[in-house]
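Notes for the structure review
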Amino acid sequence: MSEPESDDLPTTEEEWRERLTDEEYHVLRERGTEPKFSGEYLDQKADGTYVCGACGAALFDAETKFDSGCGWPSFYDAVEGNVEREVDTRHGMRRIEVTCANCGGHLGHVFEDGPEPTGERYCINSAALDFDTEE
Ligand SMILES: [Zn+2]
């Protein structure tokens, strides 16, 4: 499941393909979306940190995960500075895409209908994440 963390990021799409599974590649590198209610982390409640499935950067603390009912793992906050936002107008919608600040991998989108204290809902593909359990 989890790839070893490495500072040596691939420089070509060919190297990314070797490093990632087909599903991870589709989400992280082709900005794909996994099917609703299919992701392995959807119902996970354990303590720990969700990290980038491509580069291992810490992205979301399990404490900020909540059950949004949207079909993808949802968080109300991200690890500061490790997630970038970009306007995404694909599919006839205006959404805010979130990507890994370290490797540029696509993670999902952020919406303004989340719970307190941020009021935000990060809707993230399981395939874009790995999970580090708190020891
Ligand atoms: Zn990354």
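Below you will find a few notes about this structure. The structure presented is a predicted model; accordingly, all values stated were derived computationally and were not measured. (Residues numbered from 1 in each chain as written. Predicted model: local features only at pLDDT ≥ 70, side-chain atom pairs only at ≥ 80, totals over all residues. Heavy atoms only, no water.)

On to the overall build of the protein, then. Within the protein, the secondary structure is distributed over two helices and nine strands. Each helix (α) and strand (β) of the protein, taken in turn from the N terminus, gives the series α-α-β-β-β-β-β-β-β-β-β. By the compact-globule yardstick of 14 Å for 135 residues, the protein fits well, its C-alpha radius of gyration being 14 Å. Across its three principal axes, the protein shows a C-alpha extent of roughly 45 × 40 × 30 Å. The buried share among the 135 residues of the protein stands at 46%. Contacts spanning at least 24 positions in sequence make up 52% of the contacts within the protein whose residues lie at least 6 apart. (Helix = DSSP H or I, 4+ residues; strand = E, 2+ residues; numbered from the N terminus. Rg over C-alpha atoms; globule rule 2.2 N^0.38 Å. Buried < 20%, exposed > 50% of the residue type's maximum accessible area, 1.4 Å probe, protein only. Contact = heavy atoms within 4.5 Å.)

A separate point is the coordination of the zinc ion. Those protein atoms acting as donors to the zinc ion are Cys52 (SG), Cys55 (SG), Cys100 (SG) and Cys103 (SG), and they sit at 2.3 Å. For the zinc ion, the four donor atoms in the first shell make angles of 103 to 115 degrees at the metal, a pattern classed as tetrahedral. Each donor residue of the zinc ion belongs to the same chain, with the gaps between them written as C-x2-C-x44-C-x2-C. Taken together, the residues cysteine 55 in the loop between strand E1 (48-52) and strand E2 (58-61) and cysteine 100 in strand E6 (residues 95-100) connect sequence positions 45 residues apart. Judged by relative accessible area, which is 1%, cysteine 100 ranks as buried. (Donors = N, O, S within 2.8 Å, 3.2 Å for Na, K, Ca; no water. Tetrahedral: all angles 85-135°; square planar, octahedral: opposite > 155°, others 65-115°.)

Our next topic: the sheet that holds strand E3 (residues 65-66). Taken together, six strands build an open sheet; the order of strands is E3-E4-E8-E7-E6-E5 and the sheet is antiparallel. Both edges of this open sheet fall to E3 and strand E5 (83-88), since each of them pairs with a single strand only. Relative to strand E4 (residues 74-75), E3 is paired through two bridges, and the arrangement is antiparallel. Its bridge partner lying in E4, lysine 65 is registered against phenylalanine 75. (Pairing = 2+ DSSP bridges.)

Of note, serine 126 is situated in the loop between strand E8 (121-124) and strand E9 (129-133). Separated by 3.4 Å, the side chain of serine 126 and the backbone nitrogen of glutamate 40 make a polar contact. (Polar contact = N/O pair within 3.5 Å; in protein donor to acceptor, adjacent residues only side chain to side chain.)

On to the environment of arginine 95, then. Here arginine 95 shows up in strand E6. What makes arginine 95 buried here is its relative accessible area of 16%. Counting along the chain gives 36 residues from arginine 95 to phenylalanine 131, while the straight-line C-alpha distance between them is 26 Å. Ignoring sequence-local partners within four residues, the contact set of arginine 95 consists of Glu86, Val87, Asp88, Arg90, His109 and Phe111.

Further remarks concern a negative patch on the surface. Taken together, the side chains of Asp47, Asp61, Glu63 and Glu134 make up a negatively charged region of the molecular surface. Position of aspartate 47 among the secondary structure elements: in the loop between helix H2 (22-28) and E1. (Patch = residues over 30% accessible without salt bridge, like charges linked within 9 Å, V, L, I, M, F, W, Y side chains within 5 Å. Areas by Shrake-Rupley, 256 points an atom, 1.4 Å probe, with all protein chains shown as cover. Salt bridge = Lys/Arg side-chain N within 4 Å of Asp/Glu carboxyl O. Lys, Arg positive; Asp, Glu negative; His and termini not counted. Charge placed at Lys NZ, Arg CZ, Asp CG, Glu CD.)

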